[in-house]
Amino acid sequence: MEIRIGGESAFMTKFQACKCFLRRGVAHLLDFVLMLFFANYLYQFLMEILQTEFVFSLWLGNNPLEVFFNVAILTVVILLVTNSLYYSLLESSRWQATLGKRLVGLIVADENGKRLTFARANLRYLCKWLSFFIVFLGFAVALFTRKQQALHDLIARTRVID
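Residues numbered from 1 in each chain as written. Predicted model: local features only at pLDDT ≥ 70, side-chain atom pairs only at ≥ 80, totals over all residues. Heavy atoms only, no water.

Examining helix α5 (residues 118–133)
Side chains that are three or four residues apart share a direction in an α-helix, a result of its 3.6 residues per turn.
Phase 1 of the analysis: Taking 1.5 Å per residue, 16 residues should reach 22 Å; α5 reaches 23 Å between its end C-alpha atoms and fits that length.
Phase 2 of the analysis: If you check which residues of α5 are buried, you get Ala 121, Asn 122, Arg 124, Tyr 125, Cys 127, Lys 128 and Ser 131.
Phase 3 of the analysis: Remark: Val 135 follows α5 within two positions and exhibits a positive phi of approximately 55°. (Helix = DSSP H or I, 4+ residues; strand = E, 2+ residues; numbered from the N terminus. Expected span 1.5 Å × (residues − 1). Buried < 20%, exposed > 50% of the residue type's maximum accessible area, 1.4 Å probe, protein only.)

Structure below.
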């Protein structure tokens with residue numbers, strides 16, 4: 001006896017959820033690698049620019065360890081802003097996807113399938129941090145919801161469509 005949910009077998013429904021979940025994971029990995037390259041170049045660029053005598057005396061100090069930590073903090077702040085812009089601008093654009101999602105054939109939409117506003121896309125991005133801070137369990141929620149929505153999707157009222 002086969003259990004059916006909305007015309008599909010329960011096995012196929014779970015298989016589709018896992019498939020979408022894995023594709024989302026690959027997209028996140030691709031975006032993460034892209035942002036790592038960006039972070040590396042940003043850090044190198046900041047180290048070159050900020051190593052002038054003038055900047056040292058104004059903000060960074062003369063201690064090399066202090067310079068390293070100050071540049072690292074500046075890099076993290078810039079990365080948080082650029083990550084937020086990367087995800088929010090691309091997911092609210094005509095593409096409706098980051099480069100990683102686009103490569104694996106996924107788009108992000110609101111619950112009605114329409115393009116996100118920048119504000120909603122930014123809310124979605126910020127809520128991803130909640131999913132991250134609860135030991136990635138917020139991402140796993142996508143395996144158990146009918147529309148494969150992760151915690152940040154549920155909060156922002158969005159969904160990923162393949």
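Once you've had a look at it, read on.
Quick look at the packing of aromatic side chains
Phase 1 of the analysis: Taken as a whole and assessed by the stated rule, the structure comprises five aromatic pairs.
Phase 2 of the analysis: Aromatic side chains Tyr 86 and Tyr 87 sit 5.2 Å apart centroid to centroid with 85° between the ring planes, which places their arrangement in the edge-to-face category.
Phase 3 of the analysis: Take Tyr 86: its relative accessible area is 12%, and that puts it in the buried class.
Phase 4 of the analysis: In textbook terms, an aromatic cluster arises when at least three aromatic residues are bridged by ring pairs, as seen for Tyr 86, Tyr 87 and Tyr 125.
Phase 5 of the analysis: Across from the ring centre of Trp 95, 4.1 Å away, lies the NZ or CZ of Arg 102, which sits over that ring. (Phe/Tyr/Trp six-rings, centres within 6.5 Å; stacked < 30°, edge-to-face > 60°. Lys NZ or Arg CZ within 6 Å of the ring centre and 35° of its normal.)

Thoughts on unusual backbone geometry
Phase 1 of the analysis: Here the phi dihedral of Gln 96 falls at roughly 60°; this positive angle occurs in a residue that is not glycine.
Phase 2 of the analysis: In this fold, Gln 96 is placed in the loop between α3 (64–91) and α4 (99–104).
Phase 3 of the analysis: One non-glycine residue, Arg 157, adopts positive backbone phi at about 60°.
Phase 4 of the analysis: Following the sequence through the fold, Arg 157 ends up in the loop between α7 (151–156) and β4 (158–161).
Phase 5 of the analysis: On the basis of relative accessibility, which here comes to 52%, the residue Arg 157 falls in the exposed class.

Things to note about the pattern of salt bridges
When their charged atoms lie close together, side chains carrying opposite charge are able to pair.
Phase 1 of the analysis: A full pass over the atoms with the stated rule returns three salt bridges.
Phase 2 of the analysis: Between Asp 153 and Arg 124 there is a salt bridge whose closest N-O contact spans 2.7 Å. Linking Asp 153 in helix α7 with Arg 124 in helix α5, this pair joins segments that are 29 residues apart in sequence.
Phase 3 of the analysis: A residue is classified by how much of its surface remains accessible, and Arg 124, at 1% relative accessible area, is buried.
Phase 4 of the analysis: Residues joined in a network through salt bridges with shared partners are Glu 91, Lys 101, Arg 124 and Asp 153. (Salt bridge = Lys/Arg side-chain N within 4 Å of Asp/Glu carboxyl O.)

Side note on the pairing of β4
Phase 1 of the analysis: Here β4 shows one buried face, formed by Thr 158 and Val 160, and one open face, formed by Arg 159 and Ile 161.
Phase 2 of the analysis: Pairing analysis gives four bridges linking strand β3 (residues 107–110) to β4, with the strands arranged antiparallel. Paired with Val 108 across the bridge in β4 is Val 160. (Pairing = 2+ DSSP bridges.)

So, a nonpolar patch on the surface
Phase 1 of the analysis: On the surface, a cluster of nonpolar side chains totalling about 870 Å² of accessible area is made up of Leu 123, Leu 130, Phe 132, Phe 133, Ile 134, Val 135, Phe 136, Leu 137 and Ile 155.
Phase 2 of the analysis: With four residues, the single largest contributor to the nonpolar patch is α5.
Phase 3 of the analysis: With respect to the helices, strands and loops of the structure, Leu 137 is situated in helix α6 (residues 137–140).
Phase 4 of the analysis: For Leu 137, a relative accessible area of 55% translates into the label exposed. (Patch = residues over 30% accessible without salt bridge, like charges linked within 9 Å, V, L, I, M, F, W, Y side chains within 5 Å. Areas by Shrake-Rupley, 256 points an atom, 1.4 Å probe, with all protein chains shown as cover.)

Any functional reading would require information that these geometric values do not contain.
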